[in-house]
Protein chains: 2
Amino acid sequence: MTMRNLQVLLASRPSGFPTEADFRIVESPVAQPADGQVLVRNHWLSLDPYMRMRMNAAKSYAKRAELGEVMIGGTVGEVIASRSPQFRAGEFVTGSLGWQLYALSDGAALRKVDPAVAPLSHYLGVLGMPGVTAWMGLLDMARPEAGETVVVSAAAGAVGSVVGQLARMHGCRAVGIAGGAVKCAHVVQELGFHACVDYKAGRLREDLERAAPDGVDVDFENVGGEVLDTVLALTNPFARVTICGLVSQYNATAAYPVRNLGAVLVNRIRMQGFIVSDRLEVWPEALRQLAGWHAEGKLRYFESVAHGLENAPRAFIGMLRGENLGKQVVRLSEY
Amino acid sequence: MTMRNLQVLLASRPSGFPTEADFRIVESPVAQPADGQVLVRNHWLSLDPYMRMRMNAAKSYAKRAELGEVMIGGTVGEVIASRSPQFRAGEFVTGSLGWQLYALSDGAALRKVDPAVAPLSHYLGVLGMPGVTAWMGLLDMARPEAGETVVVSAAAGAVGSVVGQLARMHGCRAVGIAGGAVKCAHVVQELGFHACVDYKAGRLREDLERAAPDGVDVDFENVGGEVLDTVLALTNPFARVTICGLVSQYNATAAYPVRNLGAVLVNRIRMQGFIVSDRLEVWPEALRQLAGWHAEGKLRYFESVAHGLENAPRAFIGMLRGENLGKQVVRLSEY
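About the thresholds
Residues numbered from 1 in each chain as written. Chains lettered and ligands numbered in written order. Predicted model: local features only at pLDDT ≥ 70, side-chain atom pairs only at ≥ 80, totals over all residues. Heavy atoms only, no water. Domains from an automatic or database assignment. Contact = heavy atoms within 4.5 Å. Buried area = accessible area lost by both parts, 1.4 Å probe. Salt bridge = Lys/Arg side-chain N within 4 Å of Asp/Glu carboxyl O. Axes fitted to C-alpha atoms, helices over the stretch in contact; angles between N-to-C directions. Helix = DSSP H or I, 4+ residues; strand = E, 2+ residues; numbered from the N terminus. Parallel < 35°, antiparallel > 145°, perpendicular 65-115°, else oblique. Nonpolar A, V, L, I, M, F, W, Y, C, P; charged D, E, K, R; others polar. Expected span 1.5 Å × (residues − 1). Buried < 20%, exposed > 50% of the residue type's maximum accessible area, 1.4 Å probe, protein only. Arc of directions from axis to C-beta. Least-squares fit on C-alpha atoms with pLDDT ≥ 70 in both. Pairing = 2+ DSSP bridges. Polar contact = N/O pair within 3.5 Å; in protein donor to acceptor, adjacent residues only side chain to side chain. Phe/Tyr/Trp six-rings, centres within 6.5 Å; stacked < 30°, edge-to-face > 60°. Lys NZ or Arg CZ within 6 Å of the ring centre and 35° of its normal.

(A) Spatial organisation of the domain arrangement of chain A. Residues and elements named next belong to chain A. Entries for chain A in the domain assignment read domain 1 (4-125 + 302-331) and domain 2 (129-277). The distance between the C-alpha centroids of domain 1 and domain 2 comes to 28 Å. Taken together, the contacts link 22 residues of domain 1 with 15 residues of domain 2. The junction of domain 1 with domain 2 conceals about 1,500 Å² of combined surface from both sides, 65% of it contributed by carbon and sulfur atoms. Seen at the junction of domain 1 and domain 2, the total is zero salt bridges.

(B) Highlighting the packing of helix 2 (residues 129-142) of chain B against helix 9 (residues 283-295) of chain B. Residue and element names in this part refer to chain B. At a minimum axis distance of 9 Å, the contact between helix 2 and helix 9 shows a crossing angle of 105 degrees. Of the possible angle classes, the one that applies to helix 2 and helix 9 is roughly perpendicular. Each of Met129, Gly131, Val132, Trp135, Met136 and Leu139 in helix 2 lies in contact with helix 9, whose residues at this interface are Trp283, Glu285, Ala286, Leu287, Gln289, Leu290 and Trp293. Among the residues making up the contact of helix 2 with helix 9, the classes are represented as 10 nonpolar, two polar and one charged.

(C) Representation of helix 9 (residues 283-295) of chain A within the structure. Residue and element names in this part refer to chain A. Taking 1.5 Å of rise per residue, 13 residues should cover 18 Å, and helix 9 covers 18 Å from first to last C-alpha, within 8% of that figure. By the burial criterion, the buried members of helix 9 are Trp283, Ala286, Leu287, Leu290, Trp293 and His294. Projected down its long axis, helix 9 carries its buried residues within an arc of 135 degrees, all on one side. Turned more than 90 degrees away from the buried face of helix 9, the exposed residues are Pro284, Arg288 and Ala295.

(D) Looking closely at the relation of the copies chain A and chain B. Take chain A, turn it by 180 degrees, move it 0.0 Å along the axis, and it overlays chain B with an RMSD of 0.0 Å. Taken together, the rotation and translation relating the two chain copies correspond to the operation of a two-fold axis.

(E) Focus on the sheet that holds strand 10 (residues 195-198) of chain B. Taken in spatial order, the 12 strands line up as 10(A)-9(A)-8(A)-11(A)-12(A)-13(A)-13(B)-12(B)-11(B)-8(B)-9(B)-10(B) in an open sheet, and their pairing is mixed. Among the strands making up the open sheet, the edge pair consists of strand 10 (195-198) of chain A together with strand 10 of chain B. Averaged over all adjacent pairs, the angle separating strand axes in this sheet is 15 degrees, with direction ignored. In the sheet, strand 12 (residues 235-243) of chain B pairs with strand 13 (residues 270-273) of chain B via four bridges, with the strands oriented parallel.

(F) Up close: unusual backbone geometry. Phi at Arg268 of chain A is positive, roughly 50 degrees, even though this residue is not glycine. Here Arg268 of chain A lies in the loop between helix 8 (262-266) and strand 13 (270-273). The class for Arg268 of chain A is buried, based on a relative accessible area of 11%. Backbone geometry places Phe238 of chain B, a non-glycine residue, at a positive phi of 65 degrees. Mapping Phe238 of chain B onto the fold places it in strand 12.

(G) Broad picture of the interface of chain A and chain B. Between chain A and chain B, the contact holds 32 residues from the first and 32 residues from the second. In total, about 2,600 Å² of surface goes out of reach between chain A and chain B, with carbon and sulfur atoms giving 66% of it. Sorting the residues of chain A by area buried against chain B places Leu261, Leu265 and Arg268 of chain A first, and these three jointly supply 25% of that buried surface. Put simply, chain A and chain B have two salt bridges between them. Salt-bridge contacts for Asp278 of chain A lead to Arg268 of chain B; the nearest nitrogen and oxygen are separated by 2.6 Å. On inspection of chain A and its partner chain B, the count reaches eight residue pairs in polar contact (both at pLDDT 80 or more).

(H) The packing of aromatic side chains, seen in detail. As enumerated under the stated definition, the model contains eight aromatic pairs over all chains in all. A centroid spacing of 6.4 Å and a plane angle of 80 degrees characterise the contact between Phe220 of chain A and Phe274 of chain A, whose relative ring orientation is edge-to-face. Residue Phe220 of chain A is found in strand 11 (residues 216-221), and its partner Phe274 of chain A is found in the loop between strand 13 and helix 9; the two are separated by 54 residues along the sequence. With respect to class, Phe220 of chain A is no different from Phe274 of chain A; both count as buried. Ring centres of Phe23 of chain B and Trp99 of chain B lie 5.5 Å apart, and the angle between their planes is 10 degrees; this geometry places the pair in the stacked category. Taken together, the positions of Phe23 of chain B in strand 2 (residues 23-29) and Trp99 of chain B in the loop between strand 5 (92-95) and strand 6 (102-105) put the pair 76 residues apart, joining distant regions of the chain. Under the relative-accessibility criterion, Phe23 of chain B is labelled buried at 8%. Judged by its relative accessible area of 0%, Trp99 of chain B falls in the buried class. Through pairs of rings, three or more aromatic residues link up here, namely Phe23, Trp99 and Phe316 of chain A. Looking at Lys112 of chain A, its charged tip hangs above the ring of Phe87 of chain A, at a distance of 5.2 Å from the centre.

This is the structure:
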């Protein structure tokens, strides 16, 4: 074989927002699978906010990316050569094979997916890690009851868009927070949230009070900083605050000073951080339910698509700046 | 009867630390019990940090004190006249009868106590609300496992002193935080904590790292502000942070800006605020266990005693400044 691999490496650790110079694109030959391995051609790459944290030197919840290594990332692709009894060439798999066109894997962390059930890229979104994240953080952890108000930040994003739709399906008032009028219109009109607050409009507190007139029972937090601080001030007794992400802080050179933590005591809040990969045992049930709702048309799904691995760094930086609508993916092939 | 009652009223809402001028002491005749009521002579009054929050106009977890009303507070005393079939004169009861020498009650919230089992004042501490608070927040909510490190602030206080002893009894490393060398020596030598950090020494972070070399698995938070922020930075994955009190904030005119909340995500922390009165159903079991350990001498208990209702305001202000060692009570009679 003379196939050439293309890879995006971490070239330097960003201070503040990453730039394209923090990434390096390299070509290399594609290796052949050893015994027990498969060779996968990646068709789609997922871009997610958590990747920003892994670019830092500081410890985080997952192994940090090392300089000169391939960027970590979720993928969906096709087995093109197999020396594993568990996979055949032509099967489609999703996993975390990184920012590259081809990857070897022992198959342990690959999950077979069916392009006849849903478009391949959906397995990186509503039928993959972001969907399970929404399901786990909302239904398994926060456990909203009908009639309660659920607020979710980054509401137009891959996770937030599912959170709000699940909240609405469970009889809750779904209130989104998103950046800009276009996203807010999308969140209400396309995703069916009851309300959406544009945090860029500069009236976050007032607008949120209007959007959640009965107070906040569940906060599904993707953003942190001022957004979290403001929502805390509007919580009801026994509110649940699920900390899924703090994307406003990932590029910040100084942490936002949170002043409303007293609400945790006054309202007996349960605040809990989580990582979807900590509890792999709930994934099958979450994926089963998500696939059902998706197939029934109850769970709508939108993507922002970048084209070509070379454009992944730019798309990633754009996503951190909130330029995407829905799940940000990179199309790596003409599949 | 010609008995005169003495009462401490809330005269004004303090800004910052209360002063004695925020209280007013009044005399009034003692009323006779109506049908179904008892008249109680209070022998001991409990002084607790939560009372400071109730002096504010802002909403908190409990009903605020109103200007001109008797200050709210836990008491233990003696039934001196009864028109209730449930109580006889001469019985001892604990309840929340306020900063006064005599009080009428319908008995619904009174609990009979036995001065032969423990000194009456202990029912305001280790065998009362503070003890149950420690038990509930630590054993029922944080659920530490043997070998874990438990940090508790206000470690020499009524709640903190019990928390650390319970942690040690459950095989944990018990680390206290307290103000001053005298308190820290007490916490280690008298209460048996493994270590105690003097936050007034000005090296909180370094000293805490030394006292908790394996990181923090459970934080039982009584203080908040800088203490909480520092402990957050030292948490281990899956730490539990139980927010019982935020006494550093009760008198603050501006909230402390917490900067290490990112640890909640990175370490998948469960942070939960609680009020001991929310779950009255666990009190009997908690009191049963506490009384057993107390009787066996496993649970040591210390008090700071003020004498006379007139001195309650000064003792309360002193407690907020951390001048007490152990549970702060006021002796109201010669009993």
